[in-house]
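# Chains, contacts and geometry: an overview
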Amino acid sequence: MTKYVFVTGGVVSGLGKGITASSLALLLKSRGYKVFMQKFDPYFNVDPGTMNPIQHGEVFVTYDGCETDLDLGHYERFIDEELNYTSNITSGKIYSSVIEKERHGDYLGATVQLVPHITNEIKNKVYEAGITSKADIVITEIGGTVGDIESQAFIETLRQIQYEKGPNETVFVHTTLIPFIVGSNELKTKPTQNSVKDLQNMGIRPNFLVCRTPFSTPDSLKEKLSLFCSIPKENIIDCVDTNNIYEIPLSFHSQNIDELILKQFNLKIKKANLKYLEDLITTMNSLNNEIEIALVGKYTSLHDAYLSVSEALKHAGYKYHTKININYIDSESLEKENVNLKDIFKNSKGIIVPGGFGNRGTSGMIKAINYARVNNIPFLGICLGMQLAVIEFANNVCNIEDANSTEFNPLCKNPVIDLMSNQKSVINMGGTLRLGNYDCNILNNTLASHAYNEELIKERHRHRYEFNNKYKELLESKGMIFSGINLDANLVEIIEIPTHKHFIACQFHPEFKSRPTRPHPLFDSLIKASIKEL
Ligand code: GLN
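Residues numbered from 1 in each chain as written. Predicted model: local features only at pLDDT ≥ 70, side-chain atom pairs only at ≥ 80, totals over all residues. Heavy atoms only, no water.

### Section: the sheet that holds strand β17 (residues 414-419)
Strand pairing in a sheet is mediated by backbone hydrogen bonds. Such pairs are either parallel or antiparallel. Our working definition: The rule for pairing is simple: two strands pair if DSSP sees at least two bridges between them. Secondary structure is summarised from DSSP: a helix means a run of H or I of at least four residues, a strand means a run of E of at least two, and numbering begins at the N terminus for each. For every element, the axis is a line fit to its C-alpha atoms; helices are fit only across the contacting stretch, and the angle between N-to-C directions ranges from 0 to 180 degrees.
As summarised here, the arrangement of the 3 strands in space is β16-β17-β20, forming an open sheet in which the pairing is mixed. The two strands at the open ends of the sheet, each matched to only one other strand, are β16 (403-405) and β20 (465-467). Each adjacent strand pair in this sheet contributes to an overall mean axis angle of 30°, direction not counted. As paired strands, β17 and β20 are joined by 3 bridges and run antiparallel to one another. Looking across to β20, one finds that Ile 417 is bridged to Phe 467.

Have a look at this one:
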């Protein structure tokens, strides 16, 4: 029987609820339990796929092609489990499904209401995650802050679940803020008390409090909170500000929250295996080298738009005991006439051009790619980055002046990158985007084969346009190789220039599969080559 942990947030947003939920999941997994994670987002977008990355950060993609909130990336990196379409549920998804059922006549003439129809739909999503994942414990994070109008339907559903399942099958963890008042030099509990009251008013009694605080809270403060919130003192956990989020699970563990949760669930207390995490933190704290990598993109005004890319770079850095300083470069800034690229890239040992949509900023990215190619600077192109690397090569090496993607010039005469639907490949995309895992065969004796050391890989996609096979021979004759192919539909997935020190680009998003203890092969390969540059 699956048990459920619900993580809510109070007082302010941005408390690190996602990290709390991931840390709990990591700890329960480390004690030998199968865990699964899920996030409820109160907004009405059916999924975050259409949301502006500059406002909302990156869209994370699961192996089964679900476009999700970036928190799912934290989850996967923390618990090292692949999540799926049951892991990210928005209000938009819930309401559209209820309305669809109503139109279909599924409610047999009943008046369709928030309670029970919407709440049942949410409840089903919680239980579906438990059933399909066969996890011992599902951890569900509720986006937003308790008291928000938008999240009320979710909170009401949790109340029903707490009542239905009881305290041995549900645990409620409420994350709050303990502010420090400068001047009177005091930590304050009132906002937490009020937020717990808000939750109690909605019928939920939290079992644990995770208090974000600038430093450890004294016993007296916990006693006060315990009294006012009806929560045992030992169930009140500090989440002390830290620069390294991977230290949080260890701090929680030292405060015993994992054991207390298992006790409430009547589950066996197995020993926690956290040695790998301690080793990782030792590595992170003892990096003895540093390099700069330039990331040239169109959403650089919000670094979260490239969260998984920056994490993947860091992971590869850990392997080589090297701190990676990312130089975020707005690609539009490279488009000016007499911009001095040499100066801009003077400290960059490697260049990345990541994914993106739309024409804005692409000619700046092409300039950066050209600079990397001509100056033999280690390069990795991701998705849009691969498409632009092909266009740059077709323009400047094959002299096809008007080579372009039909995304940027629908009428171009030489569409080296073209809409999948215009090409002859047969592939079931299940929508307009190629999303989620696709097979890729790796050609022997290439940069890709050295990086992966495997013949068949699976990587996650999110794009509409593809390399146009009509141009394959021509580009090959000029020195580009196609080292990764999806054989089912004959699609180019990886390109390289073998005469270059490290020039590789892929149609998929390798960043989603990188883990702190297992850097992704393509990031590993880029960082290795970039370190050699030192
Ligand atoms: N805009 C390109 C496409 O749709 C690339 C997408 C991406 O980089 N994720 O094919």
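Next comes the rest of the account.
### Some thoughts on the packing of aromatic side chains
The following threshold applies: Only Phe, Tyr and Trp rings take part, Trp by its six-membered ring, and two of them pair if their centres are within 6.5 Å. Stacked means planes under 30 degrees apart, edge-to-face means over 60, and tilted covers everything else. Under the scheme applied here, a residue whose accessible area is under 20% of the maximum for its type counts as buried, over 50% as exposed, and between as partly exposed, the area being computed with a 1.4 Å probe on protein chains only. Counted as over-ring charges are cases with an Arg CZ or a Lys NZ within 6 Å of the ring centre that also lie within 35 degrees of the ring normal.
As enumerated under the stated definition, the model contains 12 aromatic pairs in all. Taken together, a centroid distance of 5.2 Å and an interplanar angle of 25° make the contact between Phe 345 and Tyr 371 stacked. Linking Phe 345 in the loop between α13 (341-344) and β14 (348-353) with Tyr 371 in helix α14 (residues 362-374), this pair joins segments that are 26 residues apart in sequence. Of the two residues examined, Phe 345 and Tyr 371, each falls in the buried class. Both rings, one in Phe 467 and one in Phe 482, keep their centres 5.0 Å apart while their planes meet at 45°; by these two values the pair is tilted. Here Phe 467 is found in strand β20, whereas its partner Phe 482 is found in strand β21 (residues 481-486), with 15 residues between them in sequence. A residue is classified by how much of its surface remains accessible, and Phe 467, at 0% relative accessible area, is buried. Residue classification places Phe 482 among the buried residues on the basis of a relative accessible area of 5%. Taken together, the ring pairs connect Tyr 4, Phe 6, Tyr 127 and Phe 172 into an aromatic cluster. Sitting above the plane of the Tyr 127 ring, Lys 165 keeps its charged end 4.8 Å from the centroid. Above the face of the Tyr 33 ring, Lys 270 is positioned so that its terminal group lies 4.3 Å from the ring centre.

### Focus on the nonpolar core
Where a protein is soluble and globular, its nonpolar side chains tend to be buried together. The condition that has to hold: Residues belong to a common nonpolar core when they are buried Ala, Val, Leu, Ile, Met, Phe, Trp, Tyr or Cys residues joined through side-chain atoms within 4.5 Å. By the convention used here, residues are in contact when the closest approach between their heavy atoms is within 4.5 Å.
Core analysis: the biggest nonpolar cluster contains 69 residues, and Val 5, Ile 137, Ile 139, Phe 252, Ile 257 and Ile 261 have the highest contact counts within it. No other element matches the 7 residues that helix α1 (residues 17-30) contributes to this core. Not counting chain neighbours up to four residues away, the residues in contact with Ile 257 comprise Leu 24, Leu 27, Phe 208, Val 210, Ile 237 and Phe 252. Membership of the second largest hydrophobic core comes to 42 residues, among which are Ala 372, Phe 379, Phe 467 and Phe 482.

### Concerning the pairing of strand β6 (residues 137-142)
With 6 of its 6 residues buried, β6 lies for the most part within the structure. Because side chains alternate across β6, one face comprises the buried residues Ile 137, Ile 139 and Glu 141, and the other comprises Val 138, Thr 140 and Ile 142, equally buried. Of the strand pairs in this sheet, strand β2 (residues 35-41) and β6 are connected by 6 bridges, and their pairing is parallel. Along β6, the bridge assignment pairs Phe 40 with Ile 142.

### Focus on the site of the ligand
Cut-off, in case you're wondering: Any residue with a heavy atom lying within 4 Å of a molecule or strand is counted as near it. Distance and chemistry together define a polar contact, namely a pair of N or O atoms within 3.5 Å, with one atom able to donate a hydrogen and the other to accept it when in protein, and with adjacent residues in sequence counting only for side-chain atoms on both sides. Residue exposure ignores everything except the shown protein chains as possible cover, and the areas themselves are Shrake-Rupley values with a 1.4 Å probe. Three residue categories are used. Nonpolar comprises Ala, Val, Leu, Ile, Met, Phe, Trp, Tyr, Cys and Pro, charged comprises Asp, Glu, Lys and Arg, and polar comprises the others, including Gly.
Every residue lining the ligand is accounted for by Gly 355, Gly 356, Phe 357, Cys 383, Leu 384, Gln 387, Glu 407, Arg 462, His 463, Arg 464, Tyr 465 and His 509. The backbone of Leu 384 places a nitrogen or oxygen atom 3.0 Å from an oxygen atom of the ligand. For the ligand, the protein covers 99% of the area, taking 300 Å² as the surface of the free molecule. Elements with a contribution of two residues or more to the shell around the ligand: α15 (384-396) and β19 (456-463). Residues that form the shell around the ligand fall into these classes: 4 nonpolar, 5 polar and 3 charged.

### Comments concerning a nonpolar patch on the surface
Heads up, the condition is: Two joining distances apply to patches: 9 Å for like charges and 5 Å for nonpolar side chains (Val, Leu, Ile, Met, Phe, Trp, Tyr), and every residue must have over 30% relative accessible area and no salt bridge. The salt bridge criterion pairs a side-chain nitrogen of Lys or Arg with a carboxyl oxygen of Asp or Glu, the two atoms within 4 Å.
Together, Phe 180, Val 182 and Phe 215 make up an exposed nonpolar region whose accessible area comes to about 290 Å². Position of Phe 215 relative to the elements: it lies in the loop between β10 (208-213) and α8 (219-229). Given a relative accessible area of 38%, Phe 215 falls into the partly exposed group.

### Regarding the sheet that holds strand β22 (residues 491-496)
The 9 strands are arranged β13-β12-β14-β15-β23-β22-β21-β18-β19 in an open sheet whose pairing can be described as mixed. The sheet terminates laterally at β13 (322-330) and β19, the two strands that pair on one side only. Averaged over all pairs of adjacent strands, the angle between their axes in this sheet comes to 30°, without regard to strand direction. Direction of pairing for strand β18 (residues 434-442) relative to β21: antiparallel, over a ladder of 2 bridges. Of the residues in β21, the one forming a bridge with Asn 441 is Ile 485. Contacting β12 (289-297), β13, β14 and β15 (379-382), helix α12 (residues 307-319) runs over the sheet at an angle of about 155° to β13. Most of the contacts of α14 go to β14, to which it runs at about 140°, and overall it touches β12, β14, β15 and β23 (503-506).

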